[in-house]
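Fold and contact review
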Amino acid sequence: NLVFVMPDTHTDITARFNSIITSTEEYVDPEANTFMTAYPNPAKDMVFLLSDRSLPGASIRLHNFYGQLIREKHFSNIYAAQEIKFALDGLSPGIYFIQISSKSANQSIKLIINQ
């Protein structure tokens, strides 16, 4: 319980809170927008992407930690259960982000590249 005293009224107000509000933005469950899986993660020379749904007009972009675009692939359609190979050769070890965008969905995946 929290007790508030109203200035100049000497009135105490007691309040009980069931949850804590940490933001005024709407909460979005990160699992609700997960449709693509990347493996292995951490990866070395190649990462495989697997979608659980069809994605028309999709593109896959690989960004480094600083947001710079490193690689990009475009697809007229990615089919459900289609495995996509994404080459990582020549990239330095570190943290990267895979961004999947289509007409119907968007997702980002953190990818770690090891030597």
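Quick look at the structure, then. Bear in mind that the values here come from a model prediction, so they are computed numbers and not experimental data. (Residues numbered from 1 in each chain as written. Predicted model: local features only at pLDDT ≥ 70, side-chain atom pairs only at ≥ 80, totals over all residues. Heavy atoms only, no water.)

**Some points on the sheet that holds strand β9 (residues 106-113)**
Threshold: The rule for pairing is simple: two strands pair if DSSP sees at least two bridges between them. Numbering of helices and strands runs from the N terminus; a helix is a DSSP stretch of H or I covering at least four residues, while a strand is a stretch of E covering at least two. Axis definition: a line fit to C-alpha positions, over the contact stretch in the case of helices; interaxial angles, taken between N-to-C directions, run 0 to 180 degrees.
Ordered by their spatial adjacency, four strands build an open sheet running β6-β5-β8-β9, and the pairing between neighbours is antiparallel. A single partner strand is all that each edge strand has here, and the edge strands are β6 (69-78) and β9. For this sheet, the mean angle separating the axes of adjacent strands, direction not counted, is 15°. Alignment of strand β8 (residues 94-101) against β9, held across eight bridges, turns out to be antiparallel. Looking at β9, one finds that Ser101 is bridged to Asn106.

**Some points on the pattern of salt bridges**
The cut-off we apply is this: Counted as salt bridges are all cases of a side-chain nitrogen of Lys or Arg within 4 Å of a carboxyl oxygen of Asp or Glu.
By the definition in use, this model includes three salt bridges. The residue Glu72 makes a salt bridge to Arg61 at a minimum N-O spacing of 2.9 Å. Residue Glu72 is located in strand β6, and its partner Arg61 is located in strand β5 (residues 55-64); the two are separated by 11 residues in the primary sequence.

**Some remarks on the pairing of β8**
Bridge count for β5 against β8 is six bridges, and the pairing is antiparallel. Bridging across to β8, Ile60 finds its partner in Ile100. Count of turn residues in the β8/β9 antiparallel hairpin: four residues.

**A word on the sheet that holds strand β3 (residues 36-39)**
The sheet built from three strands is open, its strands ordered β3-β4-β7 with antiparallel pairing. Looking at strand neighbours, the two that pair on one side only are β3 and β7 (83-87), the edges of this open sheet. The mean inter-strand angle of the sheet, taken between neighbouring strand axes irrespective of direction, is 25°. The pairing of strand β4 (residues 46-51) with β7 spans five bridges and is classified as antiparallel. Pairing of Leu50 across the sheet is with Glu83, part of β7.

**Some words on a nonpolar patch on the surface**
Note the cut-off: For patches, a residue must show more than 30% relative accessible area and have no salt bridge; joins then use 9 Å for like charges and 5 Å for nonpolar side chains, namely Val, Leu, Ile, Met, Phe, Trp and Tyr. In these tables, accessible area is a Shrake-Rupley quantity obtained with a 1.4 Å probe, and a residue counts as shielded only by the protein chains included in the view. Partly exposed residues are those whose accessible area sits between 20% and 50% of the maximum for their type, while under 20% is buried and over 50% is exposed, using a 1.4 Å probe and protein chains only.
Where nonpolar side chains cluster on the molecular surface, the patch consists of Phe65, Tyr66, Ile95, Phe97 and Ile112 and spans about 510 Å² of accessible area. You can see Ile112 is positioned in strand β9. Its relative accessible area of 32% is what places Ile112 among the partly exposed residues.

**Brief notes about the environment of Phe75**
We count it as follows: We call two residues in contact whenever any of their non-hydrogen atoms come within 4.5 Å of each other.
Inspection of the secondary structure puts Phe75 in strand β6. Each C-alpha atom, one on Phe75 and one on Leu55, is 8.8 Å from the other, the two residues being 20 residues apart in sequence. In this structure, Phe75 is in contact with Gly57, Ala58, Ile60 and Ile84, ignoring residues within four places of it in sequence.

**A closer look at the side chain of Ser59**
The condition is simple: Counted as a polar contact is a pair of N or O atoms within 3.5 Å, where, for protein atoms, one must be capable of donating a hydrogen and the other of accepting one, and residues adjacent in sequence contribute only when both atoms are in side chains.
Note that Ser59 resides in strand β5. When its relative accessible area of 6% is taken as the criterion, Ser59 is described as buried. Reaching out from Ser59, the side chain makes a polar contact with the side chain of Arg61 at a distance of 2.9 Å. Non-local contacts of Ser59, meaning those with residues more than four positions away in its chain, are made with Lys73, His74, Gln99, Ile100 and Ser101.

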